[in-house]
Amino acid sequence: MSTLDVIQLVDHVPDADEKLTAREQVVAAGGPAANAAAAFTHSGGAARLLTAIGSHPLGRAVAADLDGLGVTVSDLTADAVEPPTVSSILVTASSGQRAVASTNATGHRLVPPDGLDAMVAGCDIVEVDGHHMELAVAAAHAARAAGCRTLLDGGSWKTGTENLLPSIDVAVCSDDFHPPGTHTPADTLRFLRDHGVVWSAVSRGGQPIVWAGPDDSGTVDVPPVRVADTLGAGDVLHGTLAYRLAVQGRLTSQRFVEALRGAAAVASRACASFGTRAWMLDG
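Residues numbered from 1 in each chain as written. Predicted model: local features only at pLDDT ≥ 70, side-chain atom pairs only at ≥ 80, totals over all residues. Heavy atoms only, no water.

Caption draft 1: Highlighting the sheet that holds strand 7 (residues 125–128). Within the open sheet, the six strands sit side by side as 7-8-9-10-11-12. Their pairing is mixed. Either end of the sheet is taken by a strand with one partner, and the two such strands are strand 7 and strand 12 (217–220). The sheet shows a mean angle of 15 degrees between the axes of neighbouring strands, direction not considered. Examined bridge by bridge, strand 7 and strand 8 (residues 149–154) share four bridges and lie parallel to one another. Note on strand 8: the bridge partner recorded for isoleucine 125 is arginine 149. Here helix 7 (residues 233–246) sits on the sheet and contacts strand 7, strand 8, strand 9 (170–174), strand 10 (199–204) and strand 11 (207–212); the angle it forms with strand 8, its principal contact strand, is near 170 degrees. (Pairing = 2+ DSSP bridges. Helix = DSSP H or I, 4+ residues; strand = E, 2+ residues; numbered from the N terminus. Axes fitted to C-alpha atoms, helices over the stretch in contact; angles between N-to-C directions. Contact = heavy atoms within 4.5 Å.)

See below:
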């Protein structure tokens, strides 16, 4: 999913009929896979994003921002004249917590493009965020057929996720990802294993990441940081992790933990600055 993010830094989330002046604002391309693609490219990789943006002026702004970050965009709705999804985001200055309003991917049905198999076969890793489920399932299936590693960003359980899991090698989910009948991270990891996902983890903000592999499990500490903005931290985690997994060979518990630990360090650093781009200026 790609969005236009309008991010405002505020002292508090306004009450009904209240107006307030923001301290700062950032306008940038957003969405889980889009932010992850930016992080992947910043890590040193070459990312291609399959998404819906369109030709509306706001859509052109999204495309221009991603192009400036080095992300190659394949816009599957290039002729659409409707505005892209706009996410309105308020970040509370004292805590870094965010409040988000967005239509997400509702109203967009992306049909897998011709040549998807060949496109995927040229990749080292394929990440999906599940927002365009038909496209995600097709891409993950093509990746599995081509022997490419697949990574799921599980922000929340979505209709059709059960059809995606059989083609997923690694799933890193938020604490808000609750498959049917699950209540705890341990439940989620067990569910993923039972549905064919060999390597999985659940991120929990500043708390340790809980992970499980074929023969082992454990936790990975998240580096403490003075939080300025938590928006997009999970996307940075996934994009950085995708790069680290792409350059690795056969996964072992040690390599998975090292990849998670490195990605968590970058995501924590991203939380120390306002907006979804400032962290890139620090290296």
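Anyway, onward from the coordinates.
Caption draft 2: Region of interest: helix 4 (residues 133–146). The terminal C-alpha atoms of helix 4, which comprises 14 residues, lie 20 Å apart, in line with the 20 Å expected from a rise of 1.5 Å per residue. Turning to helix 4, the residues buried within the fold contact strand 3 (48–51), helix 3 (116–121), strand 7, strand 8 and helix 5 (161–164). Positive phi shows up at glycine 147, right after helix 4, with a value of about 80 degrees. (Expected span 1.5 Å × (residues − 1).)

Caption draft 3: Representation of the state of the cysteines within the structure. Following the criterion strictly, the structure yields zero disulfides and no others. Distance from the sulfur of cysteine 148, which forms no disulfide, to the nearest cysteine sulfur (cysteine 123) is 6.3 Å. (Disulfide = S-S within 2.5 Å.)

Caption draft 4: Molecular detail of the packing of helix 1 (residues 32–43) against helix 7. Two numbers describe how helix 1 lies on helix 7: the axes approach to 7 Å, and their chain directions differ by 50 degrees. Between helix 1 and helix 7, the angle is such that the two are oblique. Crossing hand, helix 1 versus helix 7: right-handed. Residues Pro32, Asn35, Ala36, Ala39, Phe40 and Ser43 of helix 1 form the contact with helix 7, whose own contacting residues are Asp235, Val236, Gly239, Thr240, Ala242, Tyr243 and Ala246. Class assignment of the residues belonging to the contact of helix 1 with helix 7 gives a composition of eight nonpolar, four polar and one charged. (Parallel < 35°, antiparallel > 145°, perpendicular 65-115°, else oblique. Left-handed = near helix turned anticlockwise from the far one by under 90°. Nonpolar A, V, L, I, M, F, W, Y, C, P; charged D, E, K, R; others polar.)

Caption draft 5: Focus on the packing of helix 7 against helix 8 (residues 253–270). One can describe the packing of helix 7 onto helix 8 by two numbers: an axis separation of 8 Å at closest approach and a directional angle of 145 degrees. Taken as a pair, helix 7 and helix 8 cross one another with a handedness that is right-handed. Seen from helix 7, the contacting residues are Ala233, Val236, Leu237, Thr240, Leu241, Arg244 and Leu245; seen from helix 8, they are Ala259, Leu260, Gly262, Ala263, Ala264, Val266, Ala267 and Ala270. Here the contact of helix 7 with helix 8 is built from residues that sort into twelve nonpolar, two polar and one charged.

Caption draft 6: Geometry of the environment of glutamate 162. Relative to the elements of secondary structure, glutamate 162 occurs in helix 5. For the pair glutamate 162 and glycine 181, spaced 19 residues apart in sequence, the C-alpha to C-alpha distance is 13 Å.

Caption draft 7: How the structure looks around the nonpolar core. In terms of nonpolar packing, the biggest core is built from 42 residues, with Leu66, Val170, Val172, Trp211, Leu241, Phe256 and Leu260 touching the most fellow members. When residues of this core are traced back to their parent elements, those giving at least two are helix 1, helix 2 (57–68), strand 9, strand 10, strand 11, helix 7 and helix 8. The leading source of residues in this core is helix 8, at nine residues. Here leucine 260 is in contact with Val172, Ala201, Trp211, Val220 and Leu241, once residues within four sequence places are set aside. One finds Val120, Ala143, Cys148 and Leu192 within the second-largest nonpolar core, a separate group that totals 25 residues. (Core = buried A, V, L, I, M, F, W, Y, C linked by side-chain atoms within 4.5 Å. Buried < 20%, exposed > 50% of the residue type's maximum accessible area, 1.4 Å probe, protein only.)

Caption draft 8: Representation of the pattern of salt bridges within the structure. Counting across every chain of the model gives four salt bridges. Close ionic contact of arginine 23 with aspartate 11 constitutes a salt bridge, the shortest N to O distance being 2.7 Å. Of this pair, arginine 23 sits in the loop between strand 1 (3–10) and strand 2 (24–30) while aspartate 11 sits in the loop between strand 1 and strand 2; the two residues are twelve residues apart in sequence, bridging distant segments of the chain. According to the relative accessible area criterion, arginine 23 is exposed, its value standing at 55%. A salt bridge links aspartate 65 to arginine 277, with the nearest nitrogen and oxygen atoms 3.0 Å apart. Pair noted here: aspartate 65 is in helix 2 and arginine 277 is in the segment after helix 8, with a separation of 212 residues, a long-range link. Classification of aspartate 65 as partly exposed rests on a relative accessible area of 24%. Under the relative-accessibility criterion, arginine 277 is labelled buried at 16%. (Salt bridge = Lys/Arg side-chain N within 4 Å of Asp/Glu carboxyl O.)

Caption draft 9: Up close: the environment of valine 236. For valine 236, the position within the fold is in helix 7. You can call valine 236 buried: its relative accessible area is 5%. With 113 residues separating them along the chain, valine 236 and cysteine 123 place their C-alpha atoms 20 Å apart. Excluding its chain neighbours within four sequence positions, the residues that come into contact with valine 236 are Ala39, Val266, Ala267, Ala270 and Trp279.

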